[in-house]
Amino acid sequence: MSRVLIIGAGGVGGVVAHKCAMNSDVFSDILLASRTVAKCEAIARDIAELHGRRIATAALDADRPENTIRLIESFRPDIVINVALPYQDLAIMEACLATRVHYLDTANYEPPDVAKFEYKWQWAYRERFAAAGITAILGCGFDPGQTNIYCAWAQKHRFDEIHTIDIMDCNAGSHGQPFATNFNPEINIREITQRGRYWERGEWRETEPLSVHAPFDFPECGVREMYLMYHEELESLVQHIRGLRRIRFWMTFSQEYLTHLRVLQNVGMTSITPIEFEGKQIVPLQFLKAVLPKPESLAAHYTGKTNIGCWLEGVKDGRPRRLYIYNVCDHAACYREVRAQAISYTTGVPAVLGAKLVLTGAWRRPGVWNVEQLDPDPFMAEIGRQGLPWVETEPAQPLPL
Ligand code: NDP
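Residues numbered from 1 in each chain as written. Predicted model: local features only at pLDDT ≥ 70, side-chain atom pairs only at ≥ 80, totals over all residues. Heavy atoms only, no water.

**A short note on the pairing of strand 7 (residues 161-171)**
- Counting buried positions along strand 7 yields ten of eleven residues, so the element is predominantly enclosed.
- Note that strand 7 and strand 15 (residues 305-316) share ten bridges and pair antiparallel. Looking at the pairing, I167 lines up with C310 of strand 15.
- With six bridges connecting them, strand 7 and strand 12 (residues 246-252) associate as parallel partners. Paired with T164 across the bridge in strand 12 is R246. (Buried < 20%, exposed > 50% of the residue type's maximum accessible area, 1.4 Å probe, protein only. Helix = DSSP H or I, 4+ residues; strand = E, 2+ residues; numbered from the N terminus. Pairing = 2+ DSSP bridges.)

Encoded structure:
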């Protein structure tokens, strides 16, 4: 029986809290803490109503390690699940080090003033976590997260060498709003508006933002246009997959979404450079976030499905092999289960299973790890039961790209 501190009460934090409550054999005591305590209390009420469990709540500004240290010292968790924003990662890792508590997150640290999507700041903590005898798991959402684990599992069981990986993330759902982002708008828009980048034969290659795209027929979602983007898991997977020659990341967007984004960009609303407005410094993208629909507010009316997976090509026993592993998730079903849409659900469920594997020992390993460095088997054996079953196919044709 273990105690868990969840930091962040947005769309993903809500799913993590619900799913911890549903895994009462592992998570006996749950504290949900976030900057706005009212959001934690609303989630706690839903959990009491849906799953009949009480969870504790607290206000926390996790930008300052001393605040998190104080909360950890009073609640004494065995693990911290960080699903606040990427800006808090290092401050929360510091607090975990000071109190010797395991750590898990779903997104790489981001400095507030530059969009980087790099792991270097968190990888710099490897020796300190190892010396403290505690485990830090990085990027245990869906992508990064479950997709990295698909690659590790395929490497372990299906391939001698994986030569190419294409991670494909499709949201074929509809939330009924003209423009909204499915997770934190600031992080989402930063990610999409940066230059595209993929890795081929030892080199990073750049493309103009969203300039490379192609249609793909996603199982249960249909034909969608997907766009090549940079995504943080490429950085860790190139280091951990044997024989890799190319890795790319693709995400689907509708024309409607891209038109809104282009207009917002053209008028300067997606900039992260502060401007002065009526005597105050404001960051346009943060202001935009304040006027856009809250991602968690989209959940109640979301319909349709997501399909996220990995298309892998390589060799096994001297013969070419091709594998497509994916999960399909239904927005409305997620809402019925945990009051969330599928983007938050597909992020939160792997985080909870990852935390469970640390607490029960399978993933307990002092140091700082990306998920593909850990044994994929216990994760793959249980993730279906936790709500994200996977499908494995051997396509006859190569990826049409
Ligand atoms: P939201 O913006 O919905 O929620 C973030 C939460 O963190 C809010 O409750 C916010 O509080 C809280 N928060 C922000 N700053 C602080 C702080 N200083 N101290 C304490 N709490 C704080 O984001 P999501 O739930 O959509 O996303 C959560 C994380 O999951 C993000 O890091 C995102 O990048 C990651 N993610 C990962 C994915 C993956 O597959 N790996 C996919 C999707 C998301 P307040 O309400 O007061 O603003």
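That shown, we press on.
**As for the nonpolar core**
- Membership of the largest hydrophobic core comes to 88 residues, with the highest contact counts inside it found for L312 and W363.
- Among the elements that take part in this core, helix 13 (residues 342-360) stands out by supplying ten residues, more than any other.
- Every residue in contact with L312, bar those within four places of it in the chain, is listed here: C151, A154, F159, I162, T164, I165, R321, R322, L323 and I325. (Core = buried A, V, L, I, M, F, W, Y, C linked by side-chain atoms within 4.5 Å. Contact = heavy atoms within 4.5 Å.)

**Observations regarding the layout of surface pockets**
- Quantified by volume, the second largest pocket comes out at close to 270 Å³.
- Forming the boundary of the second largest pocket are 20 residues, of which G10, I43, D46, E296 and R339 lie nearest the centre.
- For the lining of the second largest pocket, the elements supplying multiple residues, two or more each, are helix 1 (11-22), helix 2 (37-51) and helix 12 (331-338).
- A per-class count over the lining of the second largest pocket returns nine nonpolar, seven polar and four charged. (1 Å grid on protein atoms, 1.4 Å probe; cavity = no way out; pocket = protein on both sides within 12 Å on 5 of 7 lines; lining within 4 Å. Points joined across faces, edges and corners; volume = space filled by probe spheres on them. Nonpolar A, V, L, I, M, F, W, Y, C, P; charged D, E, K, R; others polar.)

**Some details on the pattern of salt bridges**
- Applying the stated criterion to the full structure yields 20 salt bridges.
- Salt-bridge contacts for R190 lead to E110; the nearest nitrogen and oxygen are separated by 3.1 Å. Here R190, found in helix 8 (residues 185-193), pairs with E110, found in the loop between strand 5 (102-105) and helix 5 (120-123); they are 80 residues apart in sequence, far enough to count as distant.
- Take R190: its relative accessible area is 4%, and that puts it in the buried class. (Salt bridge = Lys/Arg side-chain N within 4 Å of Asp/Glu carboxyl O.)

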